[in-house]
Structure formats: structure tokens, C-alpha cells
Amino acid sequence: MRNITGPPVLGDDLFGREPEQSHLWSDLEQGHHLLMLAPRRVGKTSLMLELNRSPKENWDVIFINVEGSGGAADFVAAMLSELAQHERYRRWFEALPFWRNLKQASASIKSIGPKALRIELPGAMGRDWGRAMDQLVRRLVDVPDGRRLLVIVDELPILIARLLQSEGGRPEAELLLAKLRHLRQADELRGKVQMLLGGSIGLEGVVRRASLSSLINDIAPFRLESWDRPTARKFLEQIGRHSNFTLGRDTIDQVLALLKDPVPYHVQLFFSALKDACDGDDSRISQTIIEQCFTERLSGTSGTPHLDHYAERLAFVFDQPQLDVAHSILAEACRVETGIAMEKLESALRSEPGVLRELKADGYLDEEGGRLVFRSDLLRTWWRSNQTPGPAS
């Protein structure tokens, strides 16, 4: 077991997610298509990749990340390229009409890696990516008897938001969502193909803003939360033993109290920062060093690379008037740990009532006793220092 900060974690390094894995497979086997709802850095991509790495018996899995995709053609190319690399489905491609165009670039699919294939395919399909998608749906009927195919798509909301924000991109976004809905609902694919969608911003909020919610209302939500306190505590105990940097009960209590919300990535960052500050010598741990790690290494300026995505992603979820309201709400709520009374934000909440719903769904805020408070005190402290002008009150 290793403390890996940054890249997704798999196998023994994916800690405390066995119940979620079991729940996911149970829902999928019952025939549900799933939309994974998760705040940033709770391990969504790691969990998706683990399903891909270790599929359930009689399941085939492909995983595609479309965060960097420029449009629907790139999405279809990503899906086709992953299937083309799979030994069970590679033979399908020679039957697709655009395949001969691709063969002009390469004599054999085996000579094209998945990354190169994702580049070549959009050109081979031309502008008719919708027709290619229809052809793929017809081929999916041939999933071997007794097997099921799980298609995992990470960061679909980013792609849809990018299309909706681009000039003339709405029809493409709407058609792509419609094609995916058709894939999910096709009678001939029942019991053969399931989809698991997710992203670092909420797909529900993106499509709701564009009045396209009807195109995803067939997907069951699957909520992935932060670790609970016992799981976070167990992680810190075990990673300490495995790293020869043991944390005592009081140390763990202080770490978790400072974080407030035990987001897995934030817990991992704290452990790494503390070990580094002590030069790997756990006898040097002190209350002062723990507090310095929090204020200087995590929530201060040096923490920006790990936390600035919380600010950046808001532009994908909100239009400009909503974004202004979101910034206003967060600026007020971050000033003190106890947040701000709802009544003091009545005007902002009345002007854009959907903003608070999205901020709560995406893990920024909670409502406690009529007050809006940051779920994570790490995020609150960083937001106050880096995103809010003027001194804290």
C-alpha cells in the first residue's frame, strides 16, 4: 500500500472503496445505467479504473476519458479505439464502412496504438460521426452470449459543457446525448451493454442549464462521497505503518479536525506534507508542525496547484450571471468556519436559485442550522486566502 498523490490509484493502493465497488457491480448487473456523482478528488476516476482493471466475471470493460476531446467525433473515436484494442471486439471494425479509409493510413489495426487510432479515426469517419455511432450500436448486438460490456466514460460533462459554450456547438451536444440515450435504451442491447458516466463537474447541472435534462433522465444516480472519519483514520494508521512514519491517535485527530471533510486526496496530501516536513522522522511530529503543514503547505499559496481546479471548474457549470452569484456566495461563506446565515444571502439566492443547488451537489457547501458552511475547511481556508479580496472578517 502506497500513498500516491495525484494520479489515480489501483489495486491495493485504492483504499476503503470495496463497498462502493460491490454496490456498483450490483446496480450494473440489475441493468442500470449509472451516473456517478462525486465532488472532486474523492477517487471517482480511481474507482472507474479499478472496475476496468478488475472486471466482474463475464464482463468486458472499456474505459475512455474524454476531457480533452474537442467534439463528438473525438468521443466516438475514443470509444471505437478502445473497442478496437479489445481482443473480443477487434474483428468488428473491418465491417464498418469507414474502415477502408482508415486502412489507407495503416495496413493493420494491430500496428496502430490506441492514441494514434483516436487521432486517425475522426478523419476516417469524416463529419458523419452520428452514422458511425449508429453503426457501432448495430455491432454491439453481437456482444457474445453470456457476456456483458460495460462502457465507462469519464469527464463527459466537460465535453458537453465545452460544446454548449462553443459557437454553434449546442446541436452537436444535443445529438451526442441523444445518440448515447439511444444506445442505453435500445431493446436489442438490454442485458448486453451498460454505461457508467461520470465527471469532475456535474452532468446534471450542465444539461439542466441547457434544458436538455430529458436526455439523461434514464440514468440512475450513484453518489460517491468522501471517506467517513473511521475510514480516513484507518487509512492514516495503515499508511503510517507501511511508510515507517507512524501517526498517533492525537495526530490523526488533529489532521482530520483541520480538514473537516476527509476527501481522500486531501488526506493523502496532508500525510505526504507532514512526512516531508518531518524529514520522515515521526518523532518530530508536533502540533505546531501539523498546523504549519495545513496553513503553509496545503491551504496557502503552495496549495494552489492542488485546489485551484475548484475555482476553475465553476466556469463550466455556470453562465456569467450565475458565476457571479456563486463567487459572491462562496466569498461570504468562506470568511469564518461557521459560514454565513442563509438570510444574509436571500437576494443572491432569489436571483439564481439553482446556483446553491449546484454548489451543494458538487461538494462546496452544506447547509447546517440555517447557515451555509464549506464542507471542507481546507477548501474554505484556501478560498479565503486565494479567491476572496480583502481581509477575512
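Criteria and thresholds
Residues numbered from 1 in each chain as written. Predicted model: local features only at pLDDT ≥ 70, side-chain atom pairs only at ≥ 80, totals over all residues. Heavy atoms only, no water. Helix = DSSP H or I, 4+ residues; strand = E, 2+ residues; numbered from the N terminus. Rg over C-alpha atoms; globule rule 2.2 N^0.38 Å. Buried < 20%, exposed > 50% of the residue type's maximum accessible area, 1.4 Å probe, protein only. Contact = heavy atoms within 4.5 Å. Lys, Arg positive; Asp, Glu negative; His and termini not counted. Charge placed at Lys NZ, Arg CZ, Asp CG, Glu CD. 1 Å grid on protein atoms, 1.4 Å probe; cavity = no way out; pocket = protein on both sides within 12 Å on 5 of 7 lines; lining within 4 Å. Points joined across faces, edges and corners; volume = space filled by probe spheres on them. Nonpolar A, V, L, I, M, F, W, Y, C, P; charged D, E, K, R; others polar. Core = buried A, V, L, I, M, F, W, Y, C linked by side-chain atoms within 4.5 Å. Axes fitted to C-alpha atoms, helices over the stretch in contact; angles between N-to-C directions. Parallel < 35°, antiparallel > 145°, perpendicular 65-115°, else oblique. Left-handed = near helix turned anticlockwise from the far one by under 90°. Pairing = 2+ DSSP bridges.

A. The arrangement of the overall build of the protein chain in detail. Helix and strand content of the protein chain: 20 helices and eight strands. Computed over C-alpha atoms, the radius of gyration of the protein chain comes to 23 Å, within 12% of the 21 Å expected from 2.2 N^0.38 for 393 residues, which places it in the range of a compact globule. Each principal axis of the C-alpha distribution contributes one length, and for the protein chain these read about 65 × 55 × 40 Å. Counting across all 393 residues of the protein chain, residues that qualify as buried make up 53%. Summarising the internal contacts of the protein chain: among those between residues at least 6 apart in sequence, 78% fall at separations of at least 24. Of the side chains in the protein chain, 50 bear a positive and 55 a negative charge, and the two mean positions are spaced by 4 Å.

B. Structural detail: unusual backbone geometry. Even without being glycine, Lys260 reaches a positive phi, approximately 75°. The residue Lys260 is located in the loop between helix H11 (249–259) and helix H12 (264–277) in this model. Phi angles above zero are rare outside glycine, and Asp279 is one such case at about 55°. Inspection of the secondary structure puts Asp279 in the loop between H12 and helix H13 (287–298). Its relative accessible area of 61% is what places Asp279 among the exposed residues.

C. Highlighting empty space enclosed by the protein. Taken as a whole and assessed by the stated rule, the structure comprises one cavity of 30 Å³ or more. Computed from the structure, the largest cavity encloses a volume of approximately 50 Å³. Along its surface, the largest cavity is lined by Pro39, Arg40, Val42, Ser226, Asp261, Val263, Tyr310, Gly363, Arg375, Ser376 and Leu379. Tallied by class, residues from the lining of the largest cavity come to five nonpolar, three polar and three charged.

D. Structural view of the nonpolar core. By size, the foremost hydrophobic cluster in this structure holds 110 residues, and its most contacted members are Phe75, Leu359, Leu365 and Trp383. When near neighbours in sequence (up to four residues on either side) are disregarded, Trp383 contacts Tyr310, Ala311, Leu314, His327, Leu330, Ala331, Cys334, Tyr364, Phe374 and Thr388. In this structure, Ile4, Met48, Phe222 and Val263 belong to the second largest nonpolar core, which totals 23 residues.

E. Highlighting the side chain of Ser243. Within the secondary structure, Ser243 sits in the loop between helix H10 (229–242) and H11. Residue classification places Ser243 among the buried residues on the basis of a relative accessible area of 19%. For Ser243, the contacting residues outside a window of four places in its chain are Phe271 and Lys275.

F. Spatial organisation of the packing of H12 against H13. At a minimum axis separation of 10 Å, H12 and H13 run at an interaxial angle of 115°. Overall, the two elements H12 and H13 adopt an arrangement that is roughly perpendicular. The element H12 and its partner H13 pack so that their crossing is right-handed. In this structure, H12 uses Leu269, Phe270, Ala273, Leu274, Asp276 and Ala277 to contact H13, whose residues at the interface are Ile289, Ile290, Cys293, Phe294, Arg297 and Leu298.

G. View of the sheet that holds strand E3 (residues 148–154). Strands sit in the order E2-E3-E4-E1-E5 across an open sheet of five strands; the sheet is parallel. Among the strands making up the open sheet, the edge pair consists of strand E2 (59–65) and strand E5 (220–223). The sheet shows a mean angle of 20° between the axes of neighbouring strands, taken without regard to direction. Where strand E1 (residues 34–37) and strand E4 (residues 193–198) come together, three bridges link them in parallel fashion. Counted as the bridge partner of Leu35 is Leu197 from E4.

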